[in-house]
Amino acid sequence: MNTDPQELAELLPAPGRPVLSRDRHRVLREHLMQHITHEHETAHEQSVTTTTAPGRPTRRRLVLVAAPLALAAVVGLGVVAVGNGPDGKHGTSAAADQQKATKLLDRIALAAASRPVVTARGDQFIYTKSQGSAAELGVDFRTPEELAKNKGPSPVKAYPGAVRQEQWDSVDGKADGLRTGAALADPAKKMTMTMSGAGYLTFQQLQALPTDPDALLKKLTADTGDVKPARRTEVVVENLGAIIDDATLLPDLSAAIYRALAQLPGVRVVDHVKDAAGRDGVGLTFTGAPKNYAWVFDASSLNYLGTTDAALLGVGVADKSGEVPNSAS
């Protein structure tokens, strides 16, 4: 099934009027008060052929909005009714977990809304730098010859260790993207992949998403299509996870993501957790998530650090693929 990125963009809401969002009003109000008182797979996917150095074919996922996403950072997440909390807890215990998560997400949303807006031209690229397992980040060091052996009796296994990945995605989706990867234990082991076609959503399409949490949640719920009702909340969480890295550059959208997340049942706080790069933080996990899986935030700044499986080390806007922007942090 072929999907034109332009057709997908036309399905998204038009950008709203340039007025202050509820979170920005609240941030400004709190700053004023501080001044007075001294006081953040079963995937439906389509693959296209890409090339990796030295010219070997590989594949890149193209995921549609209306389909459940089997993305690395969110695969396997399940969210169930709020009456069943983690570890079999019921009633007030689950309600207390939900209330704690809601309060944390409110603080995270406020922190996100206070960050500066990042603009990007259509001919630029969104740069992300990540760390995690090769499988999580889609880094494969095998040669075409080794991949061919996978059809025989002696398959060559994928690299099992941690990697550092850098990726450049076209803002308007019209230019090829780029992904590079290197093994942490052996920096000489490298991969370069040219990616054709747009991924899940382009940055321009993210800018068109609703920044009201209720509207965003409604949009993501409506886009679950033929997914069974029991899976819809899971799909919404997966969709949110799919856009969270790039959305850190869009304060109003990232704030809406966290407020939408707060409305989903089964979300709970993990007080002490490390991301995939070993950074300490506070986490948010979900009923049915893989063991020890969480979204991780810096405990002080509430900046999004990534997940326990894939840490986000940097994000910014580059003029061309392969260029590391100075603003990436």
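From a predicted model like this one, the values you see are computed outputs, not experimental measurements.

Time to look at the overall build of the protein chain. Scanning the protein chain from terminus to terminus reveals nine helices and eleven strands. In the protein chain, which comprises 329 residues, the proportion classed as buried is 47%. Element-wise, carbon and sulfur atoms account for 53% of the exposed surface of the protein chain, whose accessible area totals about 16,300 Å².

Right, let's get into the packing of aromatic side chains. Following the criterion strictly, the structure yields six aromatic pairs and no others. Here a set of aromatic residues connected by ring pairs shows up, and it is made of Tyr-258, Phe-286, Trp-295, Phe-297 and Tyr-304.

Counting 50 residues, the largest nonpolar core has Leu-240, Ile-257, Tyr-258, Leu-261, Leu-284 and Trp-295 as its most contacted members. Membership of the second largest hydrophobic core comes to ten residues, among which are Leu-137, Val-163, Met-195 and Ala-310.

With respect to the helices and strands, Leu-261 occurs in helix α9 (residues 251-262). What makes Leu-261 buried here is its relative accessible area of 0%. Note: C-alpha distance between Leu-261 and Ala-101 (160 residues apart in sequence) is 9.4 Å. Aside from chain neighbours lying at most four places away, what touches Leu-261 is Leu-105, Leu-240, Val-267, Leu-284, Phe-286 and Trp-295.

This paragraph deals with the pattern of salt bridges. Two side chains with opposite charge may pair up if their charged atoms get near one another. Scanning the entire structure with this criterion turns up seven salt bridges. Where Arg-121 meets Asp-319, a salt bridge forms, and the shortest distance between an N and an O atom there is 3.8 Å. In this pair, Arg-121 sits in the loop between α3 (92-113) and β3 (125-133) while Asp-319 sits in the segment after β11 (310-318), placing the two residues 198 residues apart along the sequence. On the basis of relative accessible area, Asp-319 is assigned to the partly exposed category, the value being 45%. Where salt bridges share partners, they join Arg-121, Asp-123 and Asp-319 into one cluster.

In an α-helix, one full turn covers 3.6 residues, which means residues spaced three or four apart are oriented alike. Relative to the 16 Å expected for twelve residues at 1.5 Å per residue, α9 spans 17 Å between its end C-alpha atoms, a close match to the ideal helical length. In terms of burial, α9 is a largely internal element, twelve of the twelve residues being buried. Buried residues of α9: Pro-251, Asp-252, Leu-253, Ser-254, Ala-255, Ala-256, Ile-257, Tyr-258, Arg-259, Ala-260, Leu-261 and Ala-262, and no others.

Packing of helix α7 (residues 213-222) against α9 leaves a shortest axis separation of 8 Å and a crossing angle of 75°. One element, α7, and the other, α9, form an angle in the roughly perpendicular class. Of the residues in α9, those in contact with Pro-213, Leu-216 and Leu-217 of α7 are Leu-253, Ala-256, Ile-257, Arg-259 and Ala-260. For the contact of α7 with α9, the residue count by class is seven nonpolar, no polar and one charged.

Here we take up the environment of Met-191. Relative to the assigned elements, Met-191 resides in strand β6 (residues 190-195). For the pair Met-191 and Arg-179, spaced twelve residues apart in the sequence, the C-alpha separation amounts to 8.1 Å.

Okay, unusual backbone geometry next. Phi is positive for Asn-292, close to 65°, though the residue is something other than glycine. With respect to the secondary-structure elements, Asn-292 resides in the loop between β8 (280-286) and β9 (295-297). For Asn-292, a relative accessible area of 62% gives the class exposed. Positive phi values are uncommon outside glycine, yet Leu-302 reaches one of about 65°. The residue Leu-302 is located in the loop between β9 and β10 (304-307) in this model.

Analysis parameters
- Residues numbered from 1 in each chain as written.
- Predicted model: local features only at pLDDT ≥ 70, side-chain atom pairs only at ≥ 80, totals over all residues.
- Heavy atoms only, no water.
- Helix = DSSP H or I, 4+ residues; strand = E, 2+ residues; numbered from the N terminus.
- Buried < 20%, exposed > 50% of the residue type's maximum accessible area, 1.4 Å probe, protein only.
- Areas by Shrake-Rupley, 256 points an atom, 1.4 Å probe, with all protein chains shown as cover.
- Phe/Tyr/Trp six-rings, centres within 6.5 Å; stacked < 30°, edge-to-face > 60°.
- Core = buried A, V, L, I, M, F, W, Y, C linked by side-chain atoms within 4.5 Å.
- Contact = heavy atoms within 4.5 Å.
- Salt bridge = Lys/Arg side-chain N within 4 Å of Asp/Glu carboxyl O.
- Expected span 1.5 Å × (residues − 1).
- Axes fitted to C-alpha atoms, helices over the stretch in contact; angles between N-to-C directions.
- Parallel < 35°, antiparallel > 145°, perpendicular 65-115°, else oblique.
- Nonpolar A, V, L, I, M, F, W, Y, C, P; charged D, E, K, R; others polar.

None of the figures reported here should be taken as evidence of function without further support.
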